Amino acid sequence: AQSVTQPDIHITVSEGASLELRCNYSYGATPYLFWYVQSPGQGLQLLLKYFSGDTLVQGIKGFEAEFKRSQSSFNLRKPSVHWSDAAEYFCAVGSVFSIGGGADGLTFGKGTHLIIQP
Amino acid sequence: NAGVTQTPKFRVLKTGQSMTLLCAQDMNHEYMYWYRQDPGMGLRLIHYSVGEGTTAKGEVPDGYNVSRLKKQNFLLGLESAAPSQTSVYFCASSYSGTYSNQPQHFGDGTRLSIL
């Protein structure tokens, strides 16, 4: 079964500093990978996605992520964080759930809580 | 444009009671999903639907039922609520499935407590 690991439960970064959030996945085929952000009390918003092609993908709010097949990783980066980036970040992979195969949905990591220091 | 709307936003139930969570989307999306979010667990898929009149099981379907009688609505039911179902429930919708170039749009969640 597919799985997603986000090794860091919490990360604290100073405002203006660079950011990298780690994501490792386990999947038998070519993965479809996503990063979502969740602000307190809100639903999830898609930051970016990787389906195929260029391994460096650009997203909204100045985020980017790089797919590295050899490392089974899809790390999220931002060159300079803003206080408004404080949130929960989820990495996800497209999933197959049903016993008969061919299902739909996302498997999420447990999330990384980003704290921004002034 | 409301997007994905979940009703109610908060609810407290007693063990054994039943209730239905409503998800409505106004984007004419075919696919709809119900997830639950528990502390330290991320989101896990409960059930999903690939179109009006269809439903399918996700990762954690036990104790829940769903219905998609209208394209815009996806209902999640708890027939006999248990404390283990205390969670935050998220609905999502998308124009087409995960393996397409269409993202899932999420509602703001329903916080459900079972006493």
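Summarised in this report is the structure supplied together with it. (Residues numbered from 1 in each chain as written. Chains lettered and ligands numbered in written order. Predicted model: local features only at pLDDT ≥ 70, side-chain atom pairs only at ≥ 80, totals over all residues. Heavy atoms only, no water.)

## Focus on unusual backbone geometry
Link 1 in the chain: The omega torsion across Thr7 of chain B and Pro8 of chain B is -5 degrees, close enough to zero to call that bond cis.
Link 2 in the chain: Looking at where Pro8 of chain B falls in the secondary structure, it is placed in the loop between strand S1 (4-7) and strand S2 (10-13).
Link 3 in the chain: For Ser72 of chain A, which is not glycine, the phi torsion reads 50 degrees and is therefore positive.
Link 4 in the chain: Relative to the elements of secondary structure, Ser72 of chain A occurs in the loop between strand S8 (64-68) and strand S9 (73-78).
Link 5 in the chain: Look at Asn28 of chain B: it is not a glycine, yet its phi comes out positive at around 60 degrees.
Link 6 in the chain: Position of Asn28 of chain B among the secondary structure elements: in the loop between strand S3 (19-25) and strand S4 (31-38). (Helix = DSSP H or I, 4+ residues; strand = E, 2+ residues; numbered from the N terminus.)

## Here's the deal with the environment of Phe90 of chain A
Link 1 in the chain: Among the secondary structure elements, Phe90 of chain A is positioned in strand S10 (residues 87-94).
Link 2 in the chain: With 65 residues separating them along the chain, Phe90 of chain A and Tyr25 of chain A place their C-alpha atoms 12 Å apart.

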